[in-house]
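Each chain, letter by letter, is given below.
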Amino acid sequence: MAEQGHRQRPRLVLVATPFQGHINPLLQLSAILHSKGFSITIVHTQFNSPDPSNCPDFNFLFIQDGLSDHDIASLDLTAIVLVLNDRCRLPFQECLAKLVEEQETDDDRIVCVIYDELSYFSEAAAHNLKLPSIIFRTNNANSFLARSVLIEMYAQGHIPLADPMSQEAVLEHPPLRLRDLPISSFGPMKNFFKLMGNARDVRRSSAIIYNTMDCLEESSLTKLQQQCHVPIFAIGPVHKIVPAPSCRLLEEDSSCMSWLDKQAPNSVIYVSPGSLASTNEKDLIEMAWGLANSKQPFLWVVRPGSVHGSECFESVPGGLREIVGERGCVVKWAPQKEVLAHNAVGGFWSHCGWNSLLESVSEGVPIICRPSFGDQKVTARYVSQVWRVGLHLEDELERGEIERVVRRLMVDKEGEGMRQRAMNLKEKAELCIRTGGSSYNSLNKLVELIKSF
Ligand code: UDX
């Protein structure tokens, strides 16, 4: 395969965590490092395996993860990641040993293993083979710091919170409130903290890469670096640095692009809960009414299986198609980056997954934040209180409130200010990756470090 043409490049092995919000930035990082002269081998589980045919420049290796269909159907997300870390260690070690054995010259030797923080099983294998390793954190510095506060509170017996909706300030991390701490709702608490503790541990890795940038998180990055004994490289937004292939786990419906072409500039609100968050039928019906009553056109992603009790949008009782009417375009999966770059899109109702946030900020699109779990809650707080590029929809979903929030963002003067600040952030993000910018410089230092191994 394409590997042939790259025999003389030093090789990097990148280990993915098998979820869309992790695969996308890993491929983007791979494309960047490929452009810097490295040959790329991506190691992936069989579970949620992407189609490598979209990525001719990379070599893909799939390892046996030992996850049965029964495991996939019965385990929660946290448990799946823990099980993968237990079961992938050996297959990965064997796979890596084989790659090392097959090295032909010093020029194509494996210089380093770069692994997603949730695939920490990779570190032991790299260490056993005397290979350096680097952690890739696909989320952000603020969430990492907030997670550390949470781990500390758990150790002191303060978790679960007496009131999970508490407005009380987190003194170590303003402007967060207790309710914004990045707790996950998947599975038992002790599993969640086990995973978070493991993901936080740097082990013997040599550096950490973050898909973030100074213009969003300079002070948190400085604080993180002070606490950390290895260098941190903030090189984001990685999707904007070089064109990268995409590997979608769901089929994309690009018909929405021609629908967008027919809408007025800045008129459309794009609604997407990302790749993991789900909702119930009642909330979906309130959303449909709220969006329709706002009188703004909207593009709405409803993933199959994301509505509890219904297989897809059409099977939700309540005549959603009629409520949505002509004003709404509903798809199962959208080409999100292209959607956000379209001039008809004037707002993003988002769960605040970190990739979505970066994609929105990079196009100057203001946000209605509706976080579900984990880091999304931290990001939503920063969007509304610090960067001030959006509104936080916090209470129970109710059609009247949804209608008001959409109009505040899309029509009112208040929304104009947010759009202006979002455009300013877009410019700052562009400067970060341009020659001499903070992410540009960080990336060069990262490449120097890798070449020094
Ligand atoms: C998960 C966690 O939910 C999130 O908090 C964490 O930061 C990353 O992992 P996910 O739900 O996948 O995130 O959201 P996000 O980080 O936004 O990533 C979703 C990716 O899928 C984005 O790159 C987005 O462009 C893409 N996407 C989403 C599409 O291409 N089409 C869609 O219709 C929806």
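Residues numbered from 1 in each chain as written. Predicted model: local features only at pLDDT ≥ 70, side-chain atom pairs only at ≥ 80, totals over all residues.

(A) Examining the overall build of the protein more closely. Summing up its helical and strand segments, the protein has 16 helices and 13 strands in all. The C-alpha radius of gyration of the protein comes to 22 Å, within 12% of the 22 Å expected for a compact globule of 453 residues. On the principal axes, the C-alpha backbone points of the protein span a range of 65 × 50 × 50 Å. Taking all 453 residues of the protein together, the buried fraction comes to 47%. Summarising the internal contacts of the protein: among those between residues at least 6 apart in sequence, 72% fall at separations of at least 24. (Helix = DSSP H or I, 4+ residues; strand = E, 2+ residues; numbered from the N terminus. Rg over C-alpha atoms; globule rule 2.2 N^0.38 Å. Buried ≥ 20, exposed ≤ 12 C-beta atoms within 10 Å, placed from the backbone. Contact = placed C-beta atoms within 7 Å.)

(B) Quick peek at the site of the ligand. Around the ligand lies a shell of 25 residues, among which Gly21, Gly274, Gln336, Gly353 and Ser356 are the nearest. When residues of the shell around the ligand are traced back to their parent elements, those giving at least two are helix H1 (20-35), helix H11 (336-341), helix H12 (354-362) and helix H13 (375-385). A class-by-class count of the residues in the shell around the ligand yields seven nonpolar, 15 polar and three charged. (Near = placed C-beta within 6 Å. Nonpolar A, V, L, I, M, F, W, Y, C, P; charged D, E, K, R; others polar.)

(C) Representation of the nonpolar core within the structure. In terms of nonpolar packing, the biggest core is built from 129 residues, with Leu14, Ile209, Tyr270, Val271, Leu291 and Leu299 touching the most fellow members. Ranked by residues supplied to this core, first place goes to helix H3 (residues 77-102) with seven residues. Contacts of Ile209, omitting those with residues within four sequence positions, involve Leu29, Ile134, Phe136, Arg137, Phe233, Ile235 and Leu446. (Core = buried A, V, L, I, M, F, W, Y, C linked by C-beta atoms within 7 Å.)

(D) Quick look at the sheet that holds strand E2 (residues 39-45). The strand order across the open sheet built from seven strands is E3-E2-E1-E4-E5-E6-E7, with neighbouring strands paired in parallel fashion. Of all strands in the sheet, those bounded by a partner on one side alone are strand E3 (58-63) and strand E7 (232-234). Adjacent strand axes in the sheet meet at a mean angle of 25 degrees when their direction is disregarded. Where E2 lies against E3, six bridges are found, and the strand directions are parallel. Across the sheet, the residue bridging to Thr41 is Asn59, located in E3. (Pairing = 2+ DSSP bridges. Axes fitted to C-alpha atoms, helices over the stretch in contact; angles between N-to-C directions.)

(E) Spotlight on the sheet that holds strand E11 (residues 345-350). Read across the sheet, six strands follow the order E10-E9-E8-E11-E12-E13 without closing on themselves; strand pairing throughout is parallel. What marks the edges here is a single partner per strand, and that holds for strand E10 (328-331) and strand E13 (390-392). Pairs of neighbouring strands in the sheet enclose a mean axial angle of 15 degrees, with direction left out of account. Bridging between strand E8 (residues 268-272) and strand E9 (residues 298-301) involves three bridges; their strand directions are parallel. From the neighbouring strand, Ile269 faces E9, where its bridge partner is Phe298.

(F) Examining the environment of Arg9 more closely. Mapped onto the secondary structure, Arg9 falls in the segment before strand E1 (11-15). With near-sequence residues (within four places) excluded, Arg9 lies in contact with Gly37, Phe38, Ser39 and Asp108.

(G) Representation of the domain arrangement of the protein in the model. Segmentation of the protein into domains returns domain 1 (4-247 + 435-452) and domain 2 (255-430). Here the C-alpha centre of domain 2 lies 27 Å away from the C-alpha centre of domain 1. Sorting the residues of the side of domain 1 that touches domain 2 by element identifies H1, helix H5 (141-155) and helix H7 (214-227) as the ones contributing at least two each. Considering every element that reaches the side of domain 1 that touches domain 2, the biggest residue donor is H1, with four residues. Tallied by class, residues from the side of domain 1 that touches domain 2 come to 11 nonpolar, 13 polar and two charged. (Domains from an automatic or database assignment.)

(H) Region of the structure containing the pairing of E9. Burial along E9 is two-sided: the face carrying Phe298 and Trp300 and the face carrying Leu299 and Val301 are both buried. Regarding the hand of the β-α-β motif, the stretch spanning E8, helix H9 (residues 281-293) and E9 is right-handed. Strand direction decides the pairing type here: E9 and E10, joined by four bridges, are parallel. Across the sheet, Leu299 pairs through a bridge with Cys329, a residue of E10. (Right-handed = clockwise from strand over helix to strand, strands pointing away.)

(I) Structural detail: H1. Here H1 spans 23 Å end to end across 16 residues, near enough to the 22 Å set by a 1.5 Å rise per residue. Residues of H1 that are buried include every one of His22, Ile23, Asn24, Pro25, Leu26, Leu27, Gln28, Leu29, Ser30, Ala31 and Leu33, and no others. Residue Gly37 follows H1 closely and has a positive phi angle near 100 degrees. (Expected span 1.5 Å × (residues − 1).)

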